[in-house]
Number of protein chains: 2
Amino acid sequence: MLKLFFMTRSEENYLKAIFHLARKGNKAVTTSAIAEQMDTKPSSVTDMVKRLAEKGMINYRKYQGVSLTKEGRKAALSIIRKHRLWEVFLVEKMDFAWDEVHEVAEQLEHIKSEKLIDQLDKLLGFPRYDPHGDLIPSKDGEFDETAKRLLTEIPLKSTGVCVGVRDSSVPFLKFLDKNNIALGDEITVLDKEEFDGSLHIQIGDRSMHISDQIASNLYVKLKE
Amino acid sequence: MLKLFFMTRSEENYLKAIFHLARKGNKAVTTSAIAEQMDTKPSSVTDMVKRLAEKGMINYRKYQGVSLTKEGRKAALSIIRKHRLWEVFLVEKMDFAWDEVHEVAEQLEHIKSEKLIDQLDKLLGFPRYDPHGDLIPSKDGEFDETAKRLLTEIPLKSTGVCVGVRDSSVPFLKFLDKNNIALGDEITVLDKEEFDGSLHIQIGDRSMHISDQIASNLYVKLKE
DNA sequence: ACAAATTTTTAGATTTGTCTAAAATATATT
DNA sequence: AATATATTTTAGACAAATCTAAAAATTTGT
């Protein structure tokens, strides 16, 4: 028998913060780390984590930090999903620039309506990534950031390891060979041209400029 | 020198409620009326109206009820504008039915982003009425509910006085004549067919059924 | 006009989310 | 291992928004 708790805006924000912190160093998340992330005081965090623990959203033992429960992870992913879908909406439908969406999405992510999110998803064509290239959790809570993806889809400044090609034609493979790009190479996306979607990348010790056509045929796995 | 106060969600809701109550009986709005509208206690209302008065949003004298100031009216209209634009959005873009939009719009109306609302307005084609037929306040705070409008645009169950025609061709005037519809007549919109937009109306003591084409060529002024 | 009924306000308490300052616990150093 | 340092928790306070119960003011009825 599953109990459904109402989550306040603040509780949702804490869950989100804990999720993001846990994603990095994968040990228990400390009180002070949460305080820094949320721009608040450790004592406030202690109060909140007690409440979240009572609601079954996190595991908490005094002085030992916290980790998300199944429920908590599900709730956090649901909020992140909403945030990222709204970001796509703002850029695709409302002419926002990719770097001015965050603040508004922070507000929109707390709107409570399952139907609204389902329709939003549909309106946007079920996008898999947000305007920053971050993966959008699926409705059923799937969130595999390690899955291979196209080089065009990874966030700026992130690094991917080449794991395959979408186009396996001779001309494309020749291009890769000629430019010394091989499976296993690490590619960092330095910048993207607004104009044509072409990418400035760092590969090993050299940097180069590749077209959108090239990038959208290279599969990578995100590093770190 | 105008001071811009941050309005909390609760304050915004009170302003909206006061605006709607003032629109009806046009004397000072009583504490108990607000309490009933907001589903809260009179003592809570007293607390809140004091705060709103301090912020210059309402005129308040103990035991004498409240009225909106210029500032307060502007703030209320801004919230109502957002609410109604979001309602149009939900119906037009998100496949919501006109009778299931209210709850979600109540949440969306508090999102703070001028750019978002401007873009929303544009995306929707600068609509003048919401899905219930209610007038959407303009960006600059204009809100003339007494202006003439098409019979197709007034809310269900509301009554309008015929004040003119858009199409002044002989066939249309003949139709009106044949059906005993004249300037000065009061028409109440009883129901609207989803299918073809035709209207069931009450005119004097008889009721009749008119097509969307007829209704969209008759100007009325809203009564009461 | 004056008592009765109603409405409004005050006073004091509660909840959520926050803070500061002090106490408790854990970690690091020698 | 004992002490010093850093982190975490507790305790007490505050602001927003609400409540209940009691007091004050207004309105109503005859």
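Look a little higher up for the structure.
Residues numbered from 1 in each chain as written. Chains lettered and ligands numbered in written order. Predicted model: local features only at pLDDT ≥ 70, side-chain atom pairs only at ≥ 80, totals over all residues. Heavy atoms only, no water.

K.L.:
Give a description of the protein's contact with DNA strand C that names residues and reports values.
P.N.:
DNA strand C sits among 20 residues. The nearest are A:Thr40, A:Ser44, A:Arg51, B:Lys50 and B:Tyr60. Looking at DNA strand C alone, sugar and phosphate atoms form 75% of those within 4 Å of the protein. Note that a phosphate oxygen of DNA strand C is positioned 3.4 Å from one of the side-chain N or O atoms of A:Tyr14. Residue assignment for the surface near DNA strand C shows that the elements contributing at least two residues are helix 1 (9-23) and helix 3 (42-54) of chain A together with helix 2 (31-38) and helix 3 (42-54) of chain B. Among the residues making up the surface near DNA strand C, the classes are represented as 5 nonpolar, 10 polar and 5 charged. (Near = heavy atom within 4 Å. Polar contact = N/O pair within 3.5 Å; in protein donor to acceptor, adjacent residues only side chain to side chain. Helix = DSSP H or I, 4+ residues; strand = E, 2+ residues; numbered from the N terminus. Nonpolar A, V, L, I, M, F, W, Y, C, P; charged D, E, K, R; others polar.)

K.L.:
If you had to explain the side chain of B:His110 to someone new, which residues and values would you point to?
P.N.:
Mapped onto the elements, B:His110 comes out in the loop between helix 5 (102-108) and helix 6 (114-123). If we skip the residues at most four places from it in the chain, B:His110 touches A:Gln107, B:Arg9, B:Glu12 and B:Asn13. (Contact = heavy atoms within 4.5 Å.)

K.L.:
Please provide a residue-by-residue account of the pattern of salt bridges, values included.
P.N.:
Residues and elements named next belong to chain A. On inspection of all chains with the given rule, the structure shows 25 salt bridges over all chains. Between Lys139 and Glu114 there is a salt bridge whose closest N-O contact spans 2.9 Å. Residue Lys139 is found in the loop between helix 6 (114-123) and strand 3 (149-150), and its partner Glu114 is found in helix 6; the two are separated by 25 residues along the sequence. In this pair, the class of Lys139 matches that of Glu114, namely exposed. (Salt bridge = Lys/Arg side-chain N within 4 Å of Asp/Glu carboxyl O. Buried < 20%, exposed > 50% of the residue type's maximum accessible area, 1.4 Å probe, protein only.)

K.L.:
Which residues make up the relation of the copies chain A and chain B, and what are the values?
P.N.:
Once chain A is rotated about the relating axis by 180° and shifted along it by 0.0 Å, it coincides with chain B to within an RMSD of 0.1 Å. Taken together, the turn and the small shift mark the pair as related by a two-fold rotation axis. The C-alpha atom lying nearest the rotation axis in chain A is that of A:Leu108; the distance is 3.8 Å. Most of the interface of chain A is mirrored in chain B, where 100% of its interface residues are also at the interface. (Least-squares fit on C-alpha atoms with pLDDT ≥ 70 in both.)

K.L.:
Please give an account of the sheet that holds strand 5 (residues 186-192) of chain B that cites residues and values.
P.N.:
Residues and elements named next belong to chain B. Read from one edge to the other, the open sheet built from 6 strands follows the order 3-8-4-5-6-7, with strand pairing classed as antiparallel. The strands lining the two open edges of the sheet, one partner per strand, are strand 3 (149-150) and strand 7 (206-210). Bridging between strand 3 and strand 8 (residues 218-222) involves 2 bridges; their strand directions are antiparallel. What sits directly across from Leu150, in strand 8, is Tyr219. (Pairing = 2+ DSSP bridges.)

K.L.:
Go over the protein's contact with DNA strand D with me, naming the residues and quoting the values.
P.N.:
Residues in contact with DNA strand D amount to 20 residues; listed here are only the nearest, A:Lys50, A:Tyr60, B:Thr40, B:Ser44 and B:Arg51. Considering the 4 Å shell around the protein, atoms of DNA strand D inside it are sugar or phosphate in 72% of instances. One nitrogen or oxygen atom from the side chain of A:Tyr60 is found 2.5 Å from a phosphate oxygen belonging to DNA strand D. For DNA strand D, a phosphate oxygen lies 2.5 Å from a polar atom in the side chain of B:Ser44. Of all the secondary structure elements, the ones that give two or more residues to the surface near DNA strand D are helix 2 (31-38) and helix 3 of chain A together with helix 1 (9-23) and helix 3 of chain B.

K.L.:
Before we move on, can you summarise the environment of A:Gly72 with the specific residues and values?
P.N.:
Residues and elements named next belong to chain A. Secondary-structure assignment places Gly72 in helix 4 (residues 70-94). Taking C-alpha positions, Gly72 is 9.5 Å from Ala53, a pair spaced 19 residues apart along the chain. Apart from the residues within four sequence positions on either side, Gly72 is in contact with Leu15 and Met57.

K.L.:
Explain the interface of chain A and chain B residue by residue, including any values.
P.N.:
Interface size is commonly expressed as the accessible area that is lost once the parts come together. Chain A puts 21 residues into the contact, and the matching count from chain B is 21 residues. For the pairing of chain A and chain B, the buried interface totals around 1,800 Å² over both sides, and the portion due to carbon and sulfur atoms is 65%. Ranking the residues of chain A by area buried against chain B places A:Met94, A:Gln107 and A:Lys115 at the top, with a combined share of 28%. Taken together, the links from chain A to chain B amount to 4 salt bridges. For the salt bridge of A:Asp95 with B:Lys122, the shortest nitrogen-to-oxygen distance reads 3.9 Å. (Buried area = accessible area lost by both parts, 1.4 Å probe.)

K.L.:
So what's going on with the sheet that holds strand 4 (residues 159-165) of chain A? Which residues, and what values?
P.N.:
Strand order across the open sheet formed by 6 strands is 3-8-4-5-6-7 (chain A), with antiparallel pairing between neighbours. The open sheet has two free edges, formed respectively by strand 3 and strand 7 (206-210) of chain A, since each of these has just one partner strand.

K.L.:
Just give me the short version of the packing of aromatic side chains, but keep the residues and values in it.
P.N.:
The geometry of an aromatic ring pair is captured by the separation of the ring centres together with the interplanar angle, meaning the angle of the planes. As enumerated under the stated definition, the model contains 5 aromatic pairs over all chains in all. Judged by centre distance (5.6 Å) and plane angle (65°), the ring pair of A:Phe89 and B:Phe89 falls under edge-to-face. Residue A:Phe89 is found in helix 4, and its partner B:Phe89 is found in helix 4 (residues 70-93); the two belong to separate chains. Taking the relative accessible area as the measure of exposure, A:Phe89 reaches 0% and is therefore buried. A network of ring pairs unites the aromatic residues A:Trp86, A:Phe89, B:Trp86 and B:Phe89 as a single cluster. Against the face of B:Phe96 rests A:Lys115, its NZ or CZ located 4.9 Å from the ring centre. A:Lys148 extends its terminal NZ or CZ atom over the ring of A:Tyr219, reaching a point 4.5 Å from the ring centre. (Phe/Tyr/Trp six-rings, centres within 6.5 Å; stacked < 30°, edge-to-face > 60°. Lys NZ or Arg CZ within 6 Å of the ring centre and 35° of its normal.)

K.L.:
Lay out the packing of helix 1 of chain A against helix 2 of chain A in plain terms, naming residues and giving numbers.
P.N.:
Residues and elements named next belong to chain A. Put simply, helix 1 and helix 2 touch, their axes get as near as 10 Å, and they point 115° apart. Crossing of helix 1 against helix 2: the hand is right-handed. Contacts between helix 1 and helix 2 pair Asn13, Tyr14, Ala17, Ile18, His20 and Leu21 from the former with Ala33, Ile34, Gln37 and Met38 from the latter. When its residues are assigned to classes, the contact of helix 1 with helix 2 shows 7 nonpolar, 3 polar and no charged. (Axes fitted to C-alpha atoms, helices over the stretch in contact; angles between N-to-C directions. Left-handed = near helix turned anticlockwise from the far one by under 90°.)

K.L.:
So what about the pairing of strand 4 (residues 159-165) of chain B? Which residues, and what values?
P.N.:
Residue and element names in this part refer to chain B. Here strand 4 pairs with strand 5 via 3 bridges, running antiparallel. Looking across to strand 5, one finds that Thr159 is bridged to Thr188. Bridge analysis of strand 4 against strand 8 gives 5 bridges, and the strand direction is antiparallel. Pairing of Val165 across the sheet is with Leu218, part of strand 8.

K.L.:
Account for the side chain of B:Glu109, naming residues and giving values.
P.N.:
By the element assignment, B:Glu109 lies in the loop between helix 5 and helix 6. When neighbours within four sequence positions are excluded, B:Glu109 is seen to be in contact with B:Glu12, B:Asn13, B:Lys16, B:Ile79, B:Lys82, B:His83 and B:Trp86.

Honestly, it's all geometry; don't read function into it.
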